[in-house]
Amino acid sequence: MLSLSIHLSRKDFSLSIDQLSLPTSGVTVLFGRSGCGKSTLLRILAGLEPKAKGRVQFGDQVWQDEQRFLTPQERRIGVVFQDGALFPHLTVQQNLQFALDRTDTKQSLTEIAQHCRIDHRLTAPVPTLSGGEKQRVAIARTLLSAPQLLLLDEPLSALDTVTKREILPFLEELKQSLGLPMIYITHAPAEVERLADTVVFMDVGRVTAVNDLQTALSCPDSPLFADEGASSVLL
């Protein structure tokens, strides 16, 4: 399990989670409106919020408590942000090689590129890539570090509808083929339905519920359908 009890206060926002346990398998989706604390929680898990107080433990590894604070590299976390965060002055291969040179793992750049379906674009400069290609390159770059946990912060939010339809099946393939636990942020119910095994509902810096996907979809007043009114889903 991934377990945490964490608190973080800022001038205009506070995140307070007394106890949360998540599976270290499948896809866990953090769902809630913008500003509810999803990205802050993701940053805490990644080791990017050293001012957060409390405890985070992944399996038998304590990532942080009162005595220690492991860096993102020590946690072996892979993070994919909304915009991909690629180096625009480098080619696809150079972006991937940059990541590979900074890890002691023995990942194959060629195999990862093929797996992410960007092997035909290795010589392409980043500005020539489509939105979907950029996100696949960003995911490939993250996988080259051999992470034990993959964090995805709304990876589809900056994409148009057609590109989202291209990337969603790709993410489903990754889920099935990698066996790598993922924590995925979204406020799009369609993405939850396609990808989630577990759904963590958040609101104003708090976790309000943790459900398996079937429970999240079958509840008529689920936050998934808050913008649509009460509804039901036949499973």
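Since the model is a prediction, treat every value here as computed from it, not as a measurement.

Undergrad: What's the story with the overall build of the protein chain in this structure? I'm lost.
TA: In terms of helices and strands, the protein chain carries 8 helices and 10 strands. Here the protein chain has a C-alpha radius of gyration of 18 Å; the compact-globule value for 235 residues is 18 Å, and the two agree. Taken over the C-alpha atoms alone, the protein chain extends approximately 50 × 45 × 35 Å along its principal axes. Looking at the protein chain as a whole, 48% of its 235 residues qualify as buried. Restricting to contacts in the protein chain with at least 6 residues of sequence separation, those with at least 24 account for 65%. On the protein chain, roughly 11,700 Å² of surface is accessible, and the fraction owed to carbon and sulfur atoms is 50%. Seen as two clouds, the 23 positive and the 27 negative side-chain charges of the protein chain have centres 5 Å apart.

Undergrad: Please clarify how helix α1 (residues 38–46) should be interpreted in this entry.
TA: Given 3.6 residues per helical turn, the α-helix brings residues three or four places apart onto the same face. Counted residue by residue, α1 has 7 buried out of 9 residues, so it is predominantly covered. Gly-47 sits one or two positions beyond α1 and adopts a positive phi of about 85°.

Undergrad: What is the right way to read the pairing of strand β9 (residues 198–203) from this model?
TA: For a regular strand, side-chain orientation follows a simple rule: the groups alternate between the two sheet faces. Of all 6 residues that make up β9, 5 are buried, and the element is covered over most of its length. Sheet analysis places strand β3 (residues 27–31) next to β9, joined by 4 bridges and oriented parallel. Looking across to β9, one finds that Leu-30 is bridged to Val-200. Here β9 runs beside strand β10 (residues 206–212); their pairing, made up of 6 bridges, is antiparallel. Within β10, the residue paired with Val-199 across the bridge is Asn-211. Remark: 2 residues form the turn of the hairpin made by β9 and β10, two consecutive strands paired antiparallel; Val-204 in that turn has positive phi of roughly 50°.

Undergrad: It is not clear to me how the sheet that holds strand β1 (residues 2–9) should be interpreted in this structure. Could you clarify?
TA: Working definition: the strands of a sheet are paired by backbone hydrogen bonds and lie parallel or antiparallel to each other. Read across the sheet, 4 strands follow the order β2-β1-β4-β5 without closing on themselves; strand pairing throughout is antiparallel. Pairing within the sheet leaves two strands with one partner each, and these edge strands are β2 (14–22) and β5 (61–64). With direction set aside, neighbouring strand axes in the sheet form an average angle of 20°. With 6 bridges connecting them, β1 and strand β4 (residues 53–58) associate as antiparallel partners. Across the sheet, the residue bridging to His-7 is Lys-53, located in β4. Lying over the sheet, α1 contacts β1, β2, β4 and β5, oriented at roughly 115° with respect to β1.

Undergrad: Help me understand the packing of aromatic side chains in this model?
TA: In the structure shown here, the tally under the stated rule is 3 aromatic pairs. Plain terms: the ring middles of Phe-31 and Phe-201 are 6.0 Å apart, the flat faces sit at 85° to each other, and that makes the pair edge-to-face. With a gap of 170 residues between them, Phe-31 in strand β3 and Phe-201 in strand β9 connect regions that are remote in the sequence. Of the two residues, Phe-31 and Phe-201, neither departs from the other in class, the shared state being buried. For the ring pair Phe-58 and Trp-63, a centre distance of 5.1 Å and an interplane angle of 5° mean the geometry is stacked. The pair Phe-58 / Trp-63 is uniform in exposure class, with both members buried. Here Arg-75 stacks its cationic end above the ring of Phe-69, 4.9 Å away from the centre of that ring. Sitting above the plane of the Phe-98 ring, Arg-102 keeps its charged end 3.5 Å from the centroid.

Undergrad: Quick question: what am I supposed to make of the pattern of salt bridges here?
TA: Pairing is possible between side chains that carry opposite charge, provided their charged atoms lie close to one another. For the coordinates displayed, the defined rule picks out 9 salt bridges. The residue Arg-43 makes a salt bridge to Glu-49 at a minimum N-O spacing of 2.9 Å. Residue classification places Arg-43 among the partly exposed positions, given a relative accessible area of 34%. Since its relative accessible area comes to 11%, Glu-49 is described here as buried.

About the cut-offs
Residues numbered from 1 in each chain as written. Predicted model: local features only at pLDDT ≥ 70, side-chain atom pairs only at ≥ 80, totals over all residues. Heavy atoms only, no water. Helix = DSSP H or I, 4+ residues; strand = E, 2+ residues; numbered from the N terminus. Rg over C-alpha atoms; globule rule 2.2 N^0.38 Å. Buried < 20%, exposed > 50% of the residue type's maximum accessible area, 1.4 Å probe, protein only. Contact = heavy atoms within 4.5 Å. Areas by Shrake-Rupley, 256 points an atom, 1.4 Å probe, with all protein chains shown as cover. Lys, Arg positive; Asp, Glu negative; His and termini not counted. Charge placed at Lys NZ, Arg CZ, Asp CG, Glu CD. Pairing = 2+ DSSP bridges. Axes fitted to C-alpha atoms, helices over the stretch in contact; angles between N-to-C directions. Phe/Tyr/Trp six-rings, centres within 6.5 Å; stacked < 30°, edge-to-face > 60°. Lys NZ or Arg CZ within 6 Å of the ring centre and 35° of its normal. Salt bridge = Lys/Arg side-chain N within 4 Å of Asp/Glu carboxyl O.

From the geometry alone we can't say anything about function, so treat these as descriptive.
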